[in-house]
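Geometric and topological summary
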Amino acid sequence: MFGIGIPELIVIFIVALIFIGPKRLPDLARTLAKALAEFRNVAEEVKENLDIDGVLAEEKEKLLKDYEETKKNFQETNEEAERNEKSSDDETVLNKEEIKPRRMKEG
């Protein structure tokens, strides 16, 4: 635990016993234990939040990739529709030119 061995813990305990006193030492130990437990809980929550952030980043990338693919498909479809419309307009012009001479011949 933090690179502290048994001899160091004994020295810390003796110093705490001298400065804090035997009456308040159990209360201090209880308070430190609660604080340590709360610290562990907060650390676990932070880890979970970091994991969630990682998942959200992956989902964001997937959505952006899908968006770009859909955008590309839409542009390709739009260009194809414009080409078809232009070729359709060209055929209409040719059909109108074919119709005019026929009407003139008939009249």
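Going by the structure above, here's the rest.
Quick caveat, the model's predicted, so the values are computed rather than measured.

Across its 15 residues, helix 1 (residues 6-20) extends 21 Å between first and last C-alpha, which sits within 8% of the 21 Å expected from 1.5 Å per residue. Directly after helix 1, the chain includes G21, whose backbone phi takes a positive value near 100°.

Turning to the pattern of salt bridges, a few remarks are in order. Tallied over the full model, the rule gives two salt bridges. One salt bridge connects R30 with D27, and the closest N-O pair in it is separated by 2.9 Å. Of the two residues, R30 and D27 both sit in helix 2 (residues 25-106), three residues apart, roughly one turn of that helix. According to the relative accessible area criterion, R30 is partly exposed, its value standing at 45%. Given a relative accessible area of 41%, D27 falls into the partly exposed group. We note a salt bridge from E59 to K62, for which the minimum N-O separation is 3.7 Å. Placement of the pair is E59 and K62 together in helix 2, with a separation of three residues, close to one helical turn. Overall, K62 belongs to the partly exposed group, its relative accessible area being 48%.

Procedures and definitions
- Residues numbered from 1 in each chain as written.
- Predicted model: local features only at pLDDT ≥ 70, side-chain atom pairs only at ≥ 80, totals over all residues.
- Heavy atoms only, no water.
- Helix = DSSP H or I, 4+ residues; strand = E, 2+ residues; numbered from the N terminus.
- Expected span 1.5 Å × (residues − 1).
- Salt bridge = Lys/Arg side-chain N within 4 Å of Asp/Glu carboxyl O.
- Buried < 20%, exposed > 50% of the residue type's maximum accessible area, 1.4 Å probe, protein only.

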